[in-house]
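An overview of the molecular structure
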Amino acid sequence: MVNLLASTWLTSAIQTLYSWVWSPALVGLCLLTALYFSLRTRFVQVRRFGEMCRLLFNTDKKQKTGISSFQAFAMALSGRVGTGNIVGVATAIGFGGPGAIVWMWVIAFFGAGSAFVEATLAQIYKENHHGQFRGGPAYYIEKGLRSTFFGCMFAVISAIGCGFFMPPVQCNGIAMSMSRTFDLAPWIIGLGVALILALVIIGGVKRIANVAQIIAPFMAIIYIILSIVVLIVHYEAVPGVFMEMLRGAVGASQVGAAILGSTIAWGVKRGIYSNEAGQGTGPIVAAAAKVSHPVKQGLVQAFSVYIDTLLVCTATAMMILACQTYNIIDQVQTLPDGGTHVTYLVENPDAPAGEPGVFYTSGALGTVIGAKPADMVISIALFFFAFTTIMTYYYYAETNLVYLFSRLRRHRLRRKEKQMNEAERLQAENAYEQADLHFGDDKAEETAVWVLRVMTISAVFMGSVTGSGIAWTLGDIGVGAMAWMNLVAILLLSPKALRALKEYERSKKRGEDPVFDSKKLNIKHADFWESQEA
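Residues numbered from 1 in each chain as written. Predicted model: local features only at pLDDT ≥ 70, side-chain atom pairs only at ≥ 80, totals over all residues. Heavy atoms only, no water.

On the surface, a cluster of positive charge is contributed by Arg40, Lys502, Arg506 and Lys520. As for its placement among the helices and strands, Arg40 is situated in helix 3 (residues 24-40). Look at Arg40 and you get partly exposed, because its relative accessible area is 43%. (Patch = residues over 30% accessible without salt bridge, like charges linked within 9 Å, V, L, I, M, F, W, Y side chains within 5 Å. Areas by Shrake-Rupley, 256 points an atom, 1.4 Å probe, with all protein chains shown as cover. Salt bridge = Lys/Arg side-chain N within 4 Å of Asp/Glu carboxyl O. Lys, Arg positive; Asp, Glu negative; His and termini not counted. Charge placed at Lys NZ, Arg CZ, Asp CG, Glu CD. Helix = DSSP H or I, 4+ residues; strand = E, 2+ residues; numbered from the N terminus. Buried < 20%, exposed > 50% of the residue type's maximum accessible area, 1.4 Å probe, protein only.)

This part is about unusual backbone geometry. Where the residue is not glycine, phi is negative for most of them; where a peptide bond is considered, it is trans in most cases. The phi dihedral of Arg42 falls on the positive side, at around 55°, and the residue is not glycine. Looking at where Arg42 falls in the secondary structure, it is placed in the loop between helix 3 and helix 4 (44-47). In this model, Asp183 sits at a positive phi of 55°, which is unusual for a non-glycine residue. Within the element layout of this structure, Asp183 appears in the loop between helix 10 (148-182) and helix 11 (186-201).

Moving on: the side chain of Thr456. Here Thr456 lies in helix 21 (residues 443-463). Leaving out residues up to four positions away in the same chain, Thr456 has contacts with Gly163, Phe164, Pro167, Leu197 and Tyr394. (Contact = heavy atoms within 4.5 Å.)

What follows deals with the confidence of the model for the protein. Of all residues in the protein, 81% have pLDDT values of 70 or greater, and the mean over the chain is 79. Across the protein, the element-wise mean pLDDT spans from 48 in helix 1 (residues 2-6) up to 91 in helix 9 (residues 137-145). Confidence drops under a pLDDT of 50 for residues 437-441, and excluding neighbours within four residues, the segment shows 13 contacts in the predicted structure. (pLDDT = per-residue confidence, 0-100.)

Positionally, Asp517 belongs in the loop between helix 22 (468-509) and helix 23 (527-533). Residue class for Asp517 comes out partly exposed when judged on its relative accessible area of 27%. When the C-alpha positions of Asp517 and Ala500 are compared, they lie 9.0 Å apart, and in sequence the two are 17 residues distant.

This part is about the pattern of salt bridges. Under the definition given, this model contains 11 salt bridges. Arg48 is the salt-bridge partner of Glu505, the closest N and O atoms lying 3.3 Å from each other. In this pair, Glu505 sits in helix 22 while Arg48 sits in the loop between helix 4 and helix 5 (49-55), placing the two residues 457 residues apart along the sequence. Salt-bridge contacts for Asp527 lead to Lys143; the nearest nitrogen and oxygen are separated by 3.1 Å. In this pair, Asp527 sits in helix 23 while Lys143 sits in helix 9, placing the two residues 384 residues apart along the sequence. Residues participating in the shared-partner salt-bridge network are Arg42, Arg47, Arg48, Glu51, Glu505 and Lys508.

Here the structure, examined in full by the defined rule, presents 15 aromatic pairs. Seen in terms of ring centroids, Tyr139 and Tyr403 are 5.0 Å apart; in terms of plane orientation they differ by 65°. Their pairing is edge-to-face. With Tyr139 in helix 9 and Tyr403 in helix 19 (residues 371-417), this residue pair connects regions lying 264 residues apart in the sequence. Both residues of the pair, Tyr139 and Tyr403, count as buried. Sitting above the plane of the Trp450 ring, Arg453 keeps its charged end 4.7 Å from the centroid. (Phe/Tyr/Trp six-rings, centres within 6.5 Å; stacked < 30°, edge-to-face > 60°. Lys NZ or Arg CZ within 6 Å of the ring centre and 35° of its normal.)

Put into structure tokens, the structure is as follows:
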């Protein structure tokens, strides 16, 4: 399998597909969409910043279904804080230079507006499925744009991308780091991660949320504290690092001018991969929360973008740049034996040779606590970050698979209705409604979910024994394909989210706790909220 993935023809095909998906048009669309939503919401990510923090622990206790706002935040943070924060930041610096970090900040700041809109839409169009809320782009594309076809297309792309393409990226980072640190074969590490993942995802969304709410915030805080210690030790280099990043971001430095296009592209790409704003995965978790108004979860999800990029990613970048444990890559050539040859634009003496990765970060920490302890600390941090991301990716894939089977049941019912009398039709409708409400009543769906679990666990294992370049490229293809569909959808549906925001802010001005009324706002097909109003 390793030889197959390393073969020239397959690598070429993957790279071609990658270039189609991640064209300059997608980079531009991400930036312009984020800027548009920030302007249309009058920078809600700034105006309502204090409220974002308060809403973390605000949950609608009247609703028995769903998870708490904090659990939804922790799950979203788990999806956002992964290898992208350690390996991805190193990759952005390695291929785009220090200025790429500034573009990650830009996409995070403005991207919080995109995250707000997509999460609000997910809440508006969510559904109740077996005592759990399910929602996300597939649901709001179908209900808001009245297109089941495109809803199903997104669900297929998302299920494949989140179930098979993106988890290997996370496990690849774990395997690379831990195999070097603990002198274990990558396949052993991959097998261990796969087995632990199986124990968690079989428990469903409740178990995933319970694990995420403990691990994700705790590890983020510990990691940020470690980075602060490193920066205190290298405090003299910090002002120069900021200037280097700013000059690189606009091409003012000698190297920066030569790679400005790559700087912007890598910053935006790694920023989207890390914080997921506009990608379409964040809304899937946002829909699971029980809140009295969709805007509340929109604000919470916007806040999680800040935590991911402005804190965790910045912590990694500052360590690497202050300690100069990075190189800037000119090009990476694939050799006939499957290996790579790397040439550099900038090569620092303290940076590890080869493609950028986790060793940039562990090298920086090693300047303070020593190489071996640093490798161990970063490996453990990466394991927890990446593992929680993998289990959240599985939840994304499962939600979209559930959507597909729900729509398949409805399609079957419509075909059979013509041949049924009234009594038979009512009986069939009741059976399909029960299958929607009670997970597992549809045996085909139950079998498909188990197949998804097995395939995701297998993909995680395979990520440990494939090359990092191929793993990241496949992950990028999945992210990019979802981003294309989701960005177009939220642009078309944004008036509904903006209407909800205006109504929410009017209620706040009156001193009321906002409660959503879809009929009052003339938002149709918001089935869950319509049932609450009845």
